[in-house]
Amino acid sequence: ALAKAAAAAVAVAVAPASAAAALRAHGGGGGGASGVQLVGSTAHCSAQDETALALRLALDRAVCAAALGIVAFPNSSSASGRGDERRGPCCVRVSQRVGEDRGDVWQYDVPPTPFTAAEQTVACVSDAPHAHRRAGDALRGAADSNDAAGDVVTVPAVRAGRGLYQYFTALLCDESGVPLGAPMAHFAYTTGAPTRASERALRAAIQNKAAIAARREALEEADARDASDDGAAYRLRNAWLADAPLERLVQPSLLAAARARDGHALRALLRTLRDGPAPAYAFDVLLPEASSAITEEVDAALASGMRLRRPNSMNNYGLLLQEIGLAEVMQRLLAEVFSPMALVAFPDWGGASLDHTHAFTVRYAVGEDRLLDRHMDASDVTLNVCLGEAGFEGAELYLDSVRDEPDSGEPGAVASDARVNVTHTIGTGIMHVGQLWHGVHPLKAGVRQNLVAWLKSSRQRGSAAEAYAEMCHGIEGRGAVDIVTVGWRGEGARVNPRESEQELRRRARTSA
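Let us look at the structure shown here. (Residues numbered from 1 in each chain as written. Predicted model: local features only at pLDDT ≥ 70, side-chain atom pairs only at ≥ 80, totals over all residues. Heavy atoms only, no water.)

Below, the discussion takes up the overall build of the chain. Across its full length, the chain carries 10 helices and 22 strands. Evaluated residue by residue, the chain yields a buried proportion of 54% over its 512 residues. When contacts within the chain are restricted to residue pairs at least 6 apart in sequence, those whose partners lie at least 24 apart make up 77%. Accessible surface, the chain: about 21,300 Å² in total, of which carbon and sulfur atoms supply 49%. (Helix = DSSP H or I, 4+ residues; strand = E, 2+ residues; numbered from the N terminus. Buried < 20%, exposed > 50% of the residue type's maximum accessible area, 1.4 Å probe, protein only. Contact = heavy atoms within 4.5 Å. Areas by Shrake-Rupley, 256 points an atom, 1.4 Å probe, with all protein chains shown as cover.)

Pasting the structure below:
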């Protein structure tokens with residue numbers, strides 16, 4: 001028998017005619033109702049019977065229909081009044097993460113991939129049995145179309161057994177698994193009551209991680225003060241950039257789809273560069289005026305003689321956008337544009353829960369950096385937008401395999417037919433997961449500059465135990481320790497990032 005739980009009753013509103021209006025009414029614009037409701041078999045934040053675990057989720061058809069921008073599901077009336085133009089079941093995409101009852105806290109430079117750390121399931125409600133897809137196209141889940149609670153799907157737990165932390169995230173999607181843009185729903189619980197010793201270990205491990213993150217932040221703040229003290233703050237030549245309305249920066253079709261949280265409209269803008277379970281995409285991002293203005297500011301700052309930090313540990317030429325007054329506009333772009341697209345493109349890689357960004361520019365030129373060795377990024381999702389300059393030759397981006405990707409061969413090995421070469425176009429962005437191996441071929445002529453945003457999710461970089469502690473006990477671990485900026489331009493790396501992190505952890509353990 002399924003474990004008993006109280007159902008939280010949420011009234012389903014009648015769907016407004018407009019998809020965007022419906023999402024706003026249901027909180028789809030951000031932070032509101034997700035359209036997914038826990039109705040049984042598991043009580044959020046409680047200890048559950050480890051012998052019979054499953055999530056039973058009620059899906060809100062009004063939100064589904066509005067978010068799809070469609071019309072009707074089988075045997076339902078049209079939500080938009082436009083007639084039965086397209087049919088499709090209401091589905092949910094669920095990611096399940098399990099952690100041991102032993103203070104399991106992630107302390108990784110590069111977090112585990114969804115291939116090894118999570119299970120993904122797509123389950124649908126329809127009048128007929130529907131295939132429920134997961135990684136590898138295996139079948140899981142069951143549609144309970146006759147359930148008294150309404151449109152309910154059952155998602156079995158990945159693992160059962162005493163002493164496990166279970167963390168689930170759920171997103172409304174279409175039958176192919178494309179997220180619809182509604183916010184994510186989160187559920188956490190334990191199997192069997194955790195021991196006091198394990199809870200103390202978990203609290204201590206999270207506090208240790210927080211101490212490391214705080215120490216790293218202190219070092220970065222000291223670096224920022226050094227840069228500020230070195231000379232006068234940079235003043236933008238194009239002052240409008242600092243508080244520019246996004247209409248002056250972003251392509252209209254992208255901005256409209258992102259603000260509407262229209263998953264299908266966003267998906268239609270993506271051009272696939274690399275197939276597979278963790279693909280790469282291109283799409284038009286910046287308007288020409290914005291690309292030119294940002295390039296002008298970067299050139300002026302680099303030529304000013306002001307002391308600038310290196311953008312990352314590999315590129316010598318470029319700058320952090322926060323150092324020229326563009327931090328706030330990047331946060332607005334993250335919230336209103338980049339996050340909605342990342343949710344659609346990479347929901348299982350942190351795209352649905354991005355909360356901070358490391359934004360910088362890189363420059364390739366003769367006599368400076370001309371290429372970039374094969375590497376992964378310190379991000380969950382990366383967006384790489386070409387700024388210019390017109391007429392450059394070479395410096396193509398190459399894309400290899402993703403870490404832990406099934407059937408990708410030996411670690412580090414790349415088949416000759418697996419590499420994808422991409423020529424940059426001004427204003428166009430390339431979005432991929434941070435753990436995709438990639439690099440830059442040699443520049444042949446001219447100058448290429450790019451805006452790069454490393455998009456990060458604190459929740460993606462935490463274990464199931466951390467999610468449980470935060471959601472159920474208010475114990476926050478402050479996310480991962482980010483090692484991104486390691487020196488001043490022209491001086492080489494001031495510290496070794498791995499040694500630095502090891503030292504930080506040693507000090508944190510000592511102080512604890």
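Moving on from the coordinates now.
Throughout the structure, instances matching the rule amount to 1 disulfide. At a sulfur-sulfur separation of 2.0 Å, the disulfide partner of C91 is C124. Disulfide C91-C124: torsion about the S-S bond near 100 degrees, hence right-handed. One end of the pair, C91, is in strand β4 (residues 90-100); the other, C124, is in strand β5 (residues 119-125), with 33 residues separating them in the sequence. Judged by its relative accessible area of 0%, C91 falls in the buried class. Classification of C124 by relative accessible area gives buried; the value is 0%. Here C173 stays free of any disulfide, with the sulfur of C91 as its closest cysteine sulfur at 5.0 Å. Accessibility expressed as a relative area gives 0% for C173, which makes it buried. (Disulfide = S-S within 2.5 Å.)

Let's shift gears to empty space enclosed by the protein. Inspection of every chain in the model, using the stated rule, returns 4 cavities of 30 Å³ or more. Here the largest cavity defines a volume of roughly 210 Å³. Lining the largest cavity we find 22 residues, and of these S95, R97, T169, P347 and Q460 sit closest to its centre. Contributions of two or more residues to the lining of the largest cavity are made by β4, α3 (114-117) and β8 (164-173). (1 Å grid on protein atoms, 1.4 Å probe; cavity = no way out; pocket = protein on both sides within 12 Å on 5 of 7 lines; lining within 4 Å. Points joined across faces, edges and corners; volume = space filled by probe spheres on them.)

It is worth spelling out the environment of C386 at this point. Among the structural elements, C386 can be located in strand β15 (residues 381-388). The exposure class assigned to C386 is buried, which follows from its relative accessible area of 0%. Considered as a pair, C386 and H424 are 38 residues apart in the sequence and their alpha carbons are 6.2 Å apart. Excluding anything up to four places from it in sequence, C386 contacts S291, F392, H424, T425, I426, G427, T428, Q449 and N450.

With 78 residues, the main nonpolar core has L249, M330, F338 and M431 as its most contacted residues. Looking at which element gives the most residues to this core, the answer is helix α8 (residues 327-345), with 11 residues. In this structure, L249 is in contact with W240, L241, A244, V285, L286, L287, A290 and V329, ignoring residues within four places of it in sequence. In this structure, L38, V94, V155 and A170 belong to the second largest nonpolar core, which totals 23 residues. (Core = buried A, V, L, I, M, F, W, Y, C linked by side-chain atoms within 4.5 Å.)

With that settled, consider the sheet that holds strand β14 (residues 372-375). Taken in spatial order, the 4 strands make up an open sheet running β14-β20-β17-β18, and their pairing is antiparallel. Only two strands of the sheet have a single neighbouring strand rather than two, namely β14 and β18 (420-422). In this sheet, adjacent strand axes meet at a mean angle of 20 degrees when their direction is disregarded. With 3 bridges joining them, strand β17 (residues 397-402) and β18 adopt antiparallel strand pairing. The partner of Y398 across the bridge, within β18, is N421. (Pairing = 2+ DSSP bridges. Axes fitted to C-alpha atoms, helices over the stretch in contact; angles between N-to-C directions.)

Attention shifts here to the pattern of salt bridges. Per the counting criterion, the structure on display carries 16 salt bridges. Notably, a salt bridge pairs E405 with R274, separated by 2.4 Å at the nearest N-O pair. With a gap of 131 residues between them, E405 in the loop between β17 and β18 and R274 in strand β10 (residues 271-274) connect regions that are remote in the sequence. Residue E405 is classed as buried on the basis of its relative accessible area of 10%. Between R461 and D380 there is a salt bridge whose closest N-O contact spans 3.1 Å. (Salt bridge = Lys/Arg side-chain N within 4 Å of Asp/Glu carboxyl O.)

This part takes up the side chain of Q449. By secondary structure assignment, the location of Q449 is in strand β22 (residues 447-456). Q449 sits in the buried class, given a relative accessible area of 0%. Separated by 2.8 Å, the side chains of Q449 and D299 make a polar contact. When residues no more than four places from it in sequence are discounted, the contact partners of Q449 are T295, V298, D299, V362, R363, V385, C386, L387, G388 and E389. (Polar contact = N/O pair within 3.5 Å; in protein donor to acceptor, adjacent residues only side chain to side chain.)

Enumeration according to the criterion identifies 5 aromatic pairs in this entry. Relative to Y468, the ring of Y165 lies with its centre 5.2 Å away and its plane at 45 degrees, an arrangement referred to as tilted. Residue Y165 is located in strand β8, and its partner Y468 is located in helix α9 (residues 464-473); the two are separated by 303 residues in the primary sequence. Classification of Y468 as buried rests on a relative accessible area of 5%. Between F360 and W454, the aromatic rings sit 5.1 Å apart at their centres with planes inclined by 85 degrees, giving edge-to-face as the arrangement. Within this pair, whereas F360 is found in strand β13 (residues 356-365), its partner W454 is found in strand β22, the two being separated by 94 residues in sequence. (Phe/Tyr/Trp six-rings, centres within 6.5 Å; stacked < 30°, edge-to-face > 60°.)

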